[in-house]
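Descriptive structure summary
Chain by chain, the residues run as shown.
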Amino acid sequence: MTSIPMEHGLILAAVLFSAGLTGVMVRRNSIFILLSIEIMLNAAGIAFVMAGARWGQPDGQVMFLFILTMAAAEVSVGLALVLQLYHHFKTLDADAAGKMRG
């Protein structure tokens, strides 16, 4: 069984992270922003797994499990905020969240 070269995995992680960062900075829709953050977290997870595979240690996979756990918590809190934003303003535009006071 052949393995993927570390450079290819890190290039993939960098491309995914750049795509996620671009999505966070360009998009105004809250759901797309959350999706872009998920892409960035998965890119970091890929980098951890590739580094762990390179040195033959399970640490990268353990860190990926922590990243998945954090991403699941982020999704639940983020979707609750999106529901409140939509309920209050009838829009998913992230700029409307600036109007939320007390």
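Since this is a predicted model, take the numbers as computed values, not measurements.

Turning next to the overall build of the protein chain. Each helix and strand counted, the protein chain has three helices and zero strands in total. In sequence order, the protein chain lays out its α and β elements as α-α-α. Oriented by its inertia axes, the alpha-carbon framework of the protein chain measures out at about 55 × 25 × 20 Å. Here the protein chain holds 102 residues, and 23% of them are scored as buried. Carbon together with sulfur atoms contributes 71% to the accessible area of the protein chain, which is approximately 7,200 Å² in total. For the protein chain, the distance from the average site of its 6 positive side-chain charges to the average site of its 6 negative ones is 12 Å.

Looking at where Ser30 falls in the secondary structure, it is placed in helix H2 (residues 30-55). Contact partners of Ser30, with chain neighbours within four places excluded, come to Val82, Leu85, Leu92, Asp93 and Ala94.

About the criteria used
- Residues numbered from 1 in each chain as written.
- Predicted model: local features only at pLDDT ≥ 70, side-chain atom pairs only at ≥ 80, totals over all residues.
- Heavy atoms only, no water.
- Helix = DSSP H or I, 4+ residues; strand = E, 2+ residues; numbered from the N terminus.
- Buried < 20%, exposed > 50% of the residue type's maximum accessible area, 1.4 Å probe, protein only.
- Areas by Shrake-Rupley, 256 points an atom, 1.4 Å probe, with all protein chains shown as cover.
- Lys, Arg positive; Asp, Glu negative; His and termini not counted.
- Charge placed at Lys NZ, Arg CZ, Asp CG, Glu CD.
- Contact = heavy atoms within 4.5 Å.

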